[in-house]
Amino acid sequence: MPTKKRKNAIEICNKRNEDTREGHTHAQLQKCVEENVDLDDGQDTGGEESENSKDTNLRKETIRRCCNYIKYLVLLLLIPPFLNYAALSGESNKLQPENGVLYDIGFGQKMFMKCLGEGSPTVILDASTGHSSDVWYFIQPLVARHTRVCSYDRAGIGFSERPNVHVNHNISDKNEDIYKNRWKFFTIERMADDLNRLITKSSQQSKPFVMVGAELGALVARFYSHLYEGDVSDLILIDPLVEDLFDQEEGVLHKFWYGNLVPSFQSLQLLAATGISRLALLVKLMKQPFQDVEIPEELENRQKHLLCHPKHMSSVVDEHFFINESFSQMRMLRKVKPFPSNLHTTVITGNYYDEQLPSNINKAWAKSQENLISRLLAGSHHIVVNGVDNNKLYKAPKTVAEIIIKIVKKSITRKI
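Here the structure is a predicted model, which is why all the values come from computation and not from measurement.

Thoughts on the overall build of the chain
Here is step 1: In terms of helices and strands, the chain carries 14 helices and eight strands.
Here is step 2: Within the span of the chain, comprising 416 residues, buried residues form 47% of the whole.
Here is step 3: Long-range contacts, defined here as pairs at least 24 residues apart, represent 76% of the contacts in the chain between residues at least 6 apart.
Here is step 4: Here the chain has roughly 22,200 Å² of accessible surface; of this, 53% comes from carbon and sulfur atoms.

Set out below in structure tokens:
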């Protein structure tokens, strides 16, 4: 059965025959039909080629646009961290606290410490969890009027270097084994050893020490005093973290710590690494930690700098993440060695709950502190600061400083 194309070709040939009044043999007519069918196919092929060309051009245009979008996306991903790292390099020396020194504590690691004042005993200030020595900004100068006082940044926090994973090959094999096997990074055992190296070997501060710590810093100060009781005259614990903290109120704080706190700091760590923290601070979508109190521009800029610093934020995450191991280390030390009975211990708490924390979290923390005072450190002196929560270091610095100064004066009197 003739196709549509063939019928059209036959009509064209018959019409041409009528117009020219010439007769065609069957062979001539067949040839004419075949030529017109081929011509029609050629026209169709040409149309198809034109359509194919349009499709090809469209695909090329789509690919080109996608490549441009990817290029802009890559630039958006690379520019913020690049600018952030460039800014951090310029800010580090400028924002490092005045009178602060980086001390080499061995194993290729340096730690930052700032000392003010003269005299004995030497007060050692250990900051709260995930915070730099800036939390003592208002307290340290007040105490320094009466004696020597030093604040420091734990490993990786603030301006201290993170622990050196790759041990310097110049050290002895014995010390290398100790370094690798004895102390786990970001636990109080390692923190206490770092502190001992810092204040007795690297900087050789005069003894005895009055150890003052807040939250995790209180746990470190307590661990240190337990180990090196001969070097310490007094221990002051401010809103301390206690090893049974996660056992209170059916473990509610354990769930909150690892379900809320750690993930939130991990998010901040990611924002710092990608440079988004700096952008968020610029457009005021993020705030530095010292809120509800007037602080100098220098301190505000330094806190913003640390929020943008991946090294600092990674260490903040690690301090929180390994807290359970720190609690275990404190329990083990208590079993191995009783707490020194001759050590004068003071625990400072507030009578307000932290409004940013759920009520059951505040209750669990308070119960653990009550247990510390009544059972673990029986005979310790408890001081309650009225009208403040656990942010008293910068909300009530004069009150805290006055308590420390009184204890320093008592220590001097006992020495005489």
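What follows picks up the thread again.
Some words on the environment of Val 149
Here is step 1: Relative to the elements of secondary structure, Val 149 occurs in strand S4 (residues 149-152).
Here is step 2: Exposure remark for Val 149: the relative accessible area of 0% places this residue in the buried category.
Here is step 3: Taking the C-alpha atoms as reference points, Val 149 and Thr 122, separated by 27 residues in sequence, lie 5.5 Å from one another.
Here is step 4: When residues no more than four places from it in sequence are discounted, the contact partners of Val 149 are Lys 114, Cys 115, Leu 116, Val 123, Leu 125, Gln 140, Val 143 and Ala 144.

Structural notes on helix H12 (residues 359-376)
Here is step 1: End to end, H12 covers 24 Å across 18 residues, agreeing with the expected 26 Å (1.5 Å per residue, within 8%).
Here is step 2: When H12 is considered as a whole, its buried residues turn out to be Ile 361, Asn 362, Ala 364, Trp 365, Ser 368, Gln 369, Asn 371, Leu 372, Ile 373 and Leu 376.
Here is step 3: At its buried positions, H12 is contacted by helix H6 (216-227), strand S6 (232-238), helix H7 (252-274), helix H11 (323-336), strand S7 (344-350) and strand S8 (381-385).

Considerations on the pattern of salt bridges
Here is step 1: The full count for this structure, using the stated rule, is 20 salt bridges.
Here is step 2: The partner of Arg 154 in a salt bridge is Glu 319, with the nearest N and O atoms 2.7 Å apart. With Arg 154 in the loop between S4 and helix H4 (173-181) and Glu 319 in helix H10 (residues 310-321), this pair connects stretches of sequence that are 165 residues apart.
Here is step 3: Here Arg 154 falls in the buried class, since its relative accessible area comes to 3%.
Here is step 4: Two residues, Arg 197 and Asp 193, come together in a salt bridge whose shortest N-O distance is 3.3 Å. Placement of both Arg 197 and Asp 193 in helix H5 (residues 188-202) is noted, with a separation of four residues, approximately one turn of the helix.
Here is step 5: Several salt bridges share partner residues, and in doing so they unite Asp 126, Arg 154 and Glu 319 into one network.

Things to note about the packing of aromatic side chains
Here is step 1: Taken as a whole and judged by the stated rule, the model has nine aromatic pairs.
Here is step 2: Taken together, the ring pairs in this structure connect Phe 246, Trp 257, Tyr 258, Phe 321, Phe 322 and Phe 327 into an aromatic cluster.

Describing the sheet that holds S4
Here is step 1: With mixed pairing, eight strands are arranged side by side in an open sheet as S1-S2-S4-S3-S5-S6-S7-S8. Each having just a single partner strand, strand S1 (100-106) and S8 make up the two edges of the open sheet. Each adjacent strand pair in this sheet contributes to an overall mean axis angle of 25 degrees, direction not counted.
Here is step 2: Of the pairings in the sheet, the one linking S1 to strand S2 (residues 109-116) comprises six bridges and is antiparallel in character. Among the inter-strand pairings, Tyr 103 is bridged to a residue of S2, identified as Met 111.
Here is step 3: Here H5 sits on the sheet in contact with S1, S2, strand S3 (122-126), S4 and strand S5 (209-214), set at roughly 110 degrees to S1.

Topic: the nonpolar core
In a soluble, globular protein the nonpolar side chains are often hidden away together inside.
Here is step 1: Residues Leu 198 and Met 211 are the most contacted members of the largest nonpolar core, which totals 49 residues.
Here is step 2: For this core, the element with the highest residue contribution is H6, accounting for seven residues.

Describing unusual backbone geometry
Here is step 1: A cis amide bond links Ser 120 with the next residue in sequence, Pro 121, at an omega value of 5 degrees.
Here is step 2: Between Lys 207 and the following residue, Pro 208, the backbone shows a cis peptide bond with an omega angle of 5 degrees.

Comments concerning the confidence of the model for the chain
Here is step 1: For the chain, the average pLDDT comes to 85, and 80% of its residues sit at 70 or higher.
Here is step 2: Between residues 39-47, whose pLDDT stays under 50, and residues either more than four places distant or in other chains, the model counts three contacts.

About the cut-offs
Residues numbered from 1 in each chain as written. Predicted model: local features only at pLDDT ≥ 70, side-chain atom pairs only at ≥ 80, totals over all residues. Heavy atoms only, no water. Helix = DSSP H or I, 4+ residues; strand = E, 2+ residues; numbered from the N terminus. Buried < 20%, exposed > 50% of the residue type's maximum accessible area, 1.4 Å probe, protein only. Contact = heavy atoms within 4.5 Å. Areas by Shrake-Rupley, 256 points an atom, 1.4 Å probe, with all protein chains shown as cover. Expected span 1.5 Å × (residues − 1). Salt bridge = Lys/Arg side-chain N within 4 Å of Asp/Glu carboxyl O. Phe/Tyr/Trp six-rings, centres within 6.5 Å; stacked < 30°, edge-to-face > 60°. Pairing = 2+ DSSP bridges. Axes fitted to C-alpha atoms, helices over the stretch in contact; angles between N-to-C directions. Core = buried A, V, L, I, M, F, W, Y, C linked by side-chain atoms within 4.5 Å. pLDDT = per-residue confidence, 0-100.

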